[in-house]
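Architecture at a glance
Spelled out, the chains give:
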Amino acid sequence: MLPLELRTRQFDIHCGASVGAINTSFLVATAHDHKYQSENLRFFWENVRQENIYRRNLKALFGFLSRSSRGMVWKFIQGKTSGMPHFPGFLDTEPFVPFLSKVVPWKMITKNIKAGLVQALALSATNVFTGRMELFVQKNDSVQYHGDNVVHYVKIAPEHARASAAIPVIFPTVLVNGIAYTDGGLRLNTPLSPAIHMGAESILVIGLNHRAGPGEKIPSHGVHGQQAALGQVLGRVMNSVFLDKIQNDMETLTRINKIIEWCEMLHGESFLEDMNAMLKKKKIIGDIADRGLKKLHALRIRPSQDIGEIFRVAFRKLDKKKFTAFEKFIVRFLDIDPNSGVDFLSYISFIPEYLKQLLDLGFEDARTHHAQLVDFFQR
């Protein structure tokens, strides 16, 4: 629906965290064919199912019970904790490895970056040993990274996307060169920073957190006077960890832009040019000084509806008799009450009706922002 002259515009820099690492890897790998890109990314999410991501049969149940108990058995038998087997996570994600390798044409990432269709791809992951966010970056020589995060310049491969998408505790950590990594959204306190530190001037932000408007009723789940179910608490914690950080980052960007505008009003239109010349003259170094102070344009599109509520409605319509023994166990083990909140399950469930509604919501929200998107791509 964009004007014809804008339909072939490419993003120079792609950055993704958590599930966004999978999406952005796919976008870079298919940047040479927009029609294939759009159709197959939708096809992928329409058709992905739990069994593509993790085991959900009786073997998975017995495996979970074995993984969660063998540490205690080891300590009882050995009388020590050194060398004790660790609990990797609730889910056995072995099926995810071949599935992800198949659905993304990983070798095309290198070809498309070398061809100049994309300048850089950056995926964030959390180093479990240090607790710090680190970046896996593949780029052309023309792109320079000016941030202070640890950066690994690599050929992006499935393990990097898997590491970024490994939800803590639920999914096992992913070893990359012997280092254990987990979800990239966990410590990504400034989600815009990887793109900014690689020179982006206009940024399109795809968020996942619906923000209620004035007068909009916020759904409340649970029974007054009763303790919240464990599953509900876990869901709220995960939402706060993964979904809310973009707001603060956008507010900081807007604030810096305003300060620059006020300085231009006070000192003239040459303020930015003079400021950057002064930084260079005095040999001041650092991320802002290295790349130069500038105004940044960011367009954020976030869901116009609460994703958690969409999932809750879809979940309530499910025939629970079709749940596997493993799924029934997880629901009971984590005390997930469908009446009080199922946000936690939305992170690991791939219900066809739910996925279709998400895809349709994304399309409609993009259409709502049509004028802003046209303005963005014309910059």
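Residues numbered from 1 in each chain as written. Predicted model: local features only at pLDDT ≥ 70, side-chain atom pairs only at ≥ 80, totals over all residues. Heavy atoms only, no water.

**Details of the overall build of the protein chain**
Secondary structure summary: the protein chain contains 17 helices and 8 strands in total. Within the protein chain, buried positions represent 43% of all 379 residues. Put simply, of all contacts in the protein chain between residues at least 6 apart along the chain, 71% involve residues at least 24 apart. Carbon and sulfur atoms make up 57% of the accessible area of the protein chain, which totals about 21000 Å². (Helix = DSSP H or I, 4+ residues; strand = E, 2+ residues; numbered from the N terminus. Buried < 20%, exposed > 50% of the residue type's maximum accessible area, 1.4 Å probe, protein only. Contact = heavy atoms within 4.5 Å. Areas by Shrake-Rupley, 256 points an atom, 1.4 Å probe, with all protein chains shown as cover.)

**Section: the packing of aromatic side chains**
A full pass over the atoms with the stated rule returns 8 aromatic pairs. With centroids separated by 6.3 Å and ring planes inclined at 40 degrees, the aromatic side chains of Phe11 and Phe376 adopt a geometry described as tilted. Of this pair, Phe11 sits in the segment before strand S1 (13-17) while Phe376 is found in helix H17 (residues 370-378), placing the two residues 365 residues apart along the sequence. Here Phe376 falls in the buried class, since its relative accessible area comes to 6%. Residues Phe311 and Tyr354 carry aromatic rings whose centres are separated by 5.0 Å and whose planes lie at 80 degrees to one another, so their mutual orientation is edge-to-face. Taken as a pair, Phe311 in helix H13 (residues 307-316) and Tyr354 in helix H16 (residues 352-368) lie far apart in primary sequence, 43 residues in all. Accessibility expressed as a relative area gives 0% for Phe311, which makes it buried. Judged by relative accessible area, which is 4%, Tyr354 ranks as buried. Aromatic ring contacts, followed pair by pair, group Phe11, Phe376 and Phe377 into a single cluster. (Phe/Tyr/Trp six-rings, centres within 6.5 Å; stacked < 30°, edge-to-face > 60°.)

**Here's the deal with helix H5 (residues 96-103)**
Along an α-helix, a turn takes 3.6 residues, which lines up residues three or four apart on a common side. Residues of H5 that are buried include every one of Phe96, Phe99 and Leu100, and no others. All buried residues of H5 project into a common sector of 95 degrees when viewed along the axis, lining one side. Along H5, the residues that are exposed and aim more than 90 degrees away from the buried face are Pro98 and Lys102. (Arc of directions from axis to C-beta.)

**Here's the deal with the pattern of salt bridges**
Inspection of every chain in the model, using the stated rule, returns 9 salt bridges. Two residues, Arg42 and Asp360, come together in a salt bridge whose shortest N-O distance is 3.0 Å. On the criterion of sequence distance, the pair formed by Arg42 in helix H2 (residues 34-47) and Asp360 in helix H16 is long-range, its members being 318 residues apart. Residue Lys294 is joined to Glu201 by a salt bridge in which the shortest nitrogen-to-oxygen separation is 3.6 Å. Highlighted residues: Lys294 in the loop between helix H12 (287-291) and strand S8 (297-301) and Glu201 in the loop between helix H8 (193-197) and strand S7 (202-206), separated in sequence by 93 residues. Each of the salt bridges in this network shares a partner with another, and the network as a whole consists of Arg42, Glu46, Lys356 and Asp360. (Salt bridge = Lys/Arg side-chain N within 4 Å of Asp/Glu carboxyl O.)

**A few points about the confidence of the model for the protein chain**
Model confidence for the protein chain is summarised by a mean pLDDT of 84, while 81% of its residues fall at 70 or above. By mean pLDDT, helix H4 (residues 58-78) is the weakest element of the protein chain at 55, and helix H6 (residues 107-114) is the strongest at 97. Low pLDDT, under 50, characterises residues 71-76; the stretch is placed with 10 contacts to residues that sit more than four places away or in other chains. (pLDDT = per-residue confidence, 0-100.)

**Overview of unusual backbone geometry**
You will see that Asn177, though not glycine, has its phi angle at about 55 degrees, which is positive. Within the secondary structure layout, Asn177 lies in the loop between strand S5 (174-176) and strand S6 (179-182). The residue Lys283 is not glycine, and still its phi comes out positive at about 55 degrees. Inspection of the secondary structure puts Lys283 in the loop between helix H11 (271-281) and H12. Note on Lys283: relative accessible area 70%, which makes it exposed.

**Re H13**
The buried fraction of H13 is high, at 7 of 10 residues. Within H13, burial applies to Ile307, Gly308, Ile310, Phe311, Arg312, Ala314 and Phe315. Looking at the buried side of H13, the elements it contacts are helix H15 (343-346) and H16. N-cap assignment for H13: the residue whose side-chain oxygen lies 2.7 Å from the backbone N of Gly308 is Asp306. (Polar contact = N/O pair within 3.5 Å; in protein donor to acceptor, adjacent residues only side chain to side chain.)

**Concerning the environment of Glu46**
Here Glu46 lies in helix H2. With relative accessibility at 30%, the residue Glu46 sits in the partly exposed group. Other than its neighbours up to four places away in sequence, Glu46 contacts Leu355 and Leu359.

**Some details on the environment of Phe344**
Position of Phe344 among the secondary structure elements: in helix H15. Residue class for Phe344 comes out buried when judged on its relative accessible area of 4%. Each C-alpha atom, one on Phe344 and one on Gly308, is 9.0 Å from the other, the two residues being 36 residues apart in sequence.

**With respect to the side chain of Ser164**
Tracing the sequence through the fold places Ser164 in helix H7 (residues 158-164). Setting aside chain neighbours within four positions, we find Ser164 in contact with Gly16, Ala17, Ser18, Ala21, Ser124, Ala125, Thr182, Asp183 and Gly184.

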